[in-house]
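Next come the chains, spelled out residue by residue.
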Amino acid sequence: YGGMGLDFSYNIAVAEELGNIRCAGIPMAIGVQAGMATPALTRFGSHELKKQFLVPTIAGDFVACLGISEAGAGSDVANIKTMAVRKGDEYVINGGKMWITSGSQADWMCLLANTSEGPPHRNKSLICLPMNLPGIHVAKKIDKLGMRSSDTAQIFFEDVRVPCKNLIGEEGKGFTYQMLQFQEERLWGVATALTPMETIIQETIDYTGQRKVFGQPVLHNQTVHFRLAELAAEVELLRSLLHRAVALYVEGNDVTKFASMAKLKAGRLTREVTDSCLQFWGGMGFTSEVLVSRFYRDLRLMSTGGGTDETMLSIICKYMDILPRK
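Just so we're clear, the structure is a prediction, and the values are computed from it rather than from any experiment.

Novice: I'd like a rundown of the UniProt feature "domain: Acyl-CoA dehydrogenase/oxidase N-terminal" (unreviewed entry) in the chain, residues and numbers included.
Specialist: The positions that UniProt labels "domain: Acyl-CoA dehydrogenase/oxidase N-terminal" (unreviewed entry) are, in the present scheme, residues 1-61. Between the first and last C-alpha atoms of residues 1-61 the distance is 13 Å; the span itself is 69% helix and 0% strand.

In structure tokens, the structure reads:
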């Protein structure tokens, strides 16, 4: 379908390299296109759907978005309320989505909606939804703390009609498909954070080595250079966990526990690195002129987007048999 047919480890290599971009919004937008809106279609979609949606998306002619979160259902995916009711050979969609990356410019959405009144983990389906259909209203482009180069939209659906053939895979399997996709999304997110953290640490070393306070460079204070060394060690540990999870995943293993651990650690470590380094920049760190202040804002999303830290902890507990699995 126009892709290179490589395994998932190459996605992670690309994600790490995208971290060299000096903002987090662009790598995230690319991640939505390559690793969030398209995996379910790639795995479970019909040949006709792949020709219609996947081929132009891989070619870069279509922008894709992922329609999961709602105002009342972020990490709690099972609680979404958007309905797609089958009428003849069409689904009629009503509801809304929130925090949709690339939603203002997307050509199509991989939409998760309830297609029956059954149990919440078995009543959902994924649908390829063209964004130019009547009844789709992009309510607003959301003004955000960080990731400001990436548009994030609130979208409403009012009697939107889409052919039933746009269903990805089987009806009622959408929640399962989405949970599979989440593991790739979380590993991608971890990979994109590694290089920015390394960059921030190195730029802080350079700045504190030049900036003098009380007659000596800030870097020469033991509390500063010990802290930077500590943070660098933490980043390397996270990279090792990521690469272990990816290697197991490529071999066909369930890496939900390790992906959740890596996502949890990445969310906390990005906050720790950016906050600690910003402190060493002094007043300059509080300006918009330096990279550390941008990543302080941009990387804050790591602890909430794609599943909160608390959600990751719950998943880890279930896989450790501390809590019962559903």
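Novice: Give a detailed account of the nonpolar core, specifying residues and quantitative values.
Specialist: Ranked by internal contacts, the top residues of the largest apolar core, which has 68 residues, are Leu187 and Val273. The element contributing the most residues to this core is helix H5 (residues 174-210), with 12 residues. In terms of domain composition, this core takes at least three residues from each of domain 1 (37-171) and domain 2 (176-320). The residues contacting Val273, other than those within four sequence positions of it, are Met197, Ile200, Ile201, Leu231 and Val235. Of all hydrophobic cores here, the second largest spans 20 residues; its members include Ala106, Leu111, Ala153 and Phe157.

Novice: How would you sum up the UniProt feature "domain: Acyl-CoA oxidase/dehydrogenase middle" (unreviewed entry) in the chain? Please name residues and give values.
Specialist: When the UniProt feature table is mapped to this numbering, "domain: Acyl-CoA oxidase/dehydrogenase middle" (unreviewed entry) covers residues 65-160. In this annotation, residues 65-160 is assigned 0% helix and 51% strand; the end-to-end C-alpha distance for the span is 17 Å.

Novice: Break down the domain arrangement of the chain for me, with residues and values.
Specialist: Taken domain by domain, the chain holds domain 1 (37-171) and domain 2 (176-320). A straight line from the C-alpha centre of domain 1 to that of domain 2 covers 30 Å. Between domain 1 and domain 2, the residue contacts involve 16 residues of the former and 15 residues of the latter. Note on domain 1 versus domain 2: buried area summed over both sides is about 1300 Å², and carbon and sulfur give 64% of it. It is Arg43, Ser75 and Met147 in domain 1 that bury the most area against domain 2; as a group they hold 34% of the surface buried on that side. Connecting domain 1 to domain 2 are 1 salt bridge. Across the pair Glu184 and Arg43 runs a salt bridge, and its minimum N-O distance is 2.6 Å. Summed over the shared surface of domain 1 and domain 2, the result is 6 residue pairs in polar contact (both at pLDDT 80 or more). The biggest single contributor to the side of domain 1 that touches domain 2 is helix H3 (residues 39-44), with 4 residues. Its residues assigned to classes, the side of domain 1 that touches domain 2 shows 10 nonpolar, 3 polar and 3 charged.

Rules used in this analysis
- Residues numbered from 1 in each chain as written.
- Predicted model: local features only at pLDDT ≥ 70, side-chain atom pairs only at ≥ 80, totals over all residues.
- Heavy atoms only, no water.
- UniProt positions renumbered as here; feature names shortened; annotations may be inferred.
- Helix = DSSP H or I, 4+ residues; strand = E, 2+ residues; numbered from the N terminus.
- Core = buried A, V, L, I, M, F, W, Y, C linked by side-chain atoms within 4.5 Å.
- Buried < 20%, exposed > 50% of the residue type's maximum accessible area, 1.4 Å probe, protein only.
- Domains from an automatic or database assignment.
- Contact = heavy atoms within 4.5 Å.
- Buried area = accessible area lost by both parts, 1.4 Å probe.
- Salt bridge = Lys/Arg side-chain N within 4 Å of Asp/Glu carboxyl O.
- Polar contact = N/O pair within 3.5 Å; in protein donor to acceptor, adjacent residues only side chain to side chain.
- Nonpolar A, V, L, I, M, F, W, Y, C, P; charged D, E, K, R; others polar.

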